[in-house]
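Examination of the molecular architecture
Listed below, chain by chain, are the residues.
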Amino acid sequence: MRTVKYGETSVITSVYTELFGIQSYIVKCVRQSTKKSSGKAIYFQPAAMLDMVVYHNELKNLNFIKEYEWAHLYQHVLFDVVKNTVAMYIVEMLQHSLKQPEANPELFYMVEDTLKQLDKANPVLTANLPLYFSLHLAGELGFRIQGEYTATTPFLDLQEGQFVALKPSHSYFLDMQLAAATSQLLSIDFYNDLENIHFSRHIRKSLIIAYQNYVALHVQDFGEIKSLPVLQEIFS
């Protein structure tokens, strides 16, 4: 998820793991200019998927990675500007949402599958994927939006997380096109169905801001998503 330099030759990397949730590890000697170490830093790019053998001590904030190798080799995500920006948004949303090192296999597999789908996605699916991911991230974190857009429930109350009949008294709500679009996204069961949804640039921009606000309303100290302005430019 994130990697920073540590000492002369090592890094500290934040990793979302299947077994332990979010963890931080020291990886030694990946920044040496030796033949053996050359190219190892690429393994610790944001969104990289690895199989790892680690030393795990729950009493320590920093552990060590013993072995690592690719779990999935991307064809496009690490090199395509558009797909890499979407991947950075996914990683950053996850990073801001996870506050404790708790395992959540359903969320782990959802993130893994989303990144794999992004790698092979066409442009329409790629553009819709951040919206779809944001909604499903909220669901996996425990605040899934309830109900659907209808003539009798035309407003989506983002504070309450449900479609309602009356316009909320606060400003955190969606109505008309945005509420209907959200209901449409929530009804989708398969990634490929996102290829059939054609939102305007304005609708996508408005939805991505609304969904980030929705998660921020329900996650304490959520913070600012720095990749969002870049993502909005790509929507253009």
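One structure accompanies this document, and this report is about it.

Reading guide: rules and limits
Residues numbered from 1 in each chain as written. Predicted model: local features only at pLDDT ≥ 70, side-chain atom pairs only at ≥ 80, totals over all residues. Heavy atoms only, no water. Helix = DSSP H or I, 4+ residues; strand = E, 2+ residues; numbered from the N terminus. Rg over C-alpha atoms; globule rule 2.2 N^0.38 Å. Buried < 20%, exposed > 50% of the residue type's maximum accessible area, 1.4 Å probe, protein only. Areas by Shrake-Rupley, 256 points an atom, 1.4 Å probe, with all protein chains shown as cover. Lys, Arg positive; Asp, Glu negative; His and termini not counted. Charge placed at Lys NZ, Arg CZ, Asp CG, Glu CD.

**So, the overall build of the protein**
- Helix and strand counts for the protein come out as six helices and eight strands.
- Walking the protein from its N terminus toward its C terminus, one meets helices and strands in the order β-β-β-β-β-α-α-α-β-β-β-α-α-α.
- The C-alpha radius of gyration of the protein comes to 19 Å, within 12% of the 18 Å expected for a compact globule of 236 residues.
- For the protein, the spread of C-alpha atoms along the principal axes amounts to about 65 × 40 × 25 Å.
- Evaluated residue by residue, the protein yields a buried proportion of 44% over its 236 residues.
- With the model as given, the accessible surface of the protein reaches about 12800 Å², and the carbon-plus-sulfur share is 50%.
- With 19 positive and 24 negative side-chain charges, the protein shows a spacing of 11 Å between the two charge centroids.

**Comments concerning unusual backbone geometry**
- The residue Ala-47 is not glycine, and still its phi comes out positive at about 85 degrees.
- Inspection of the secondary structure assignment puts Ala-47 in the loop between strand 3 (21-27) and strand 4 (49-55).
- The buried category is assigned to Ala-47, whose relative accessible area is 7%.
- Even without being a glycine, Asp-221 presents a positive backbone phi close to 55 degrees.
- Mapped onto the fold, Asp-221 is located in the loop between helix 5 (201-218) and helix 6 (228-235).
- Using a relative accessible area of 64% as the deciding quantity, one classes Asp-221 as exposed.

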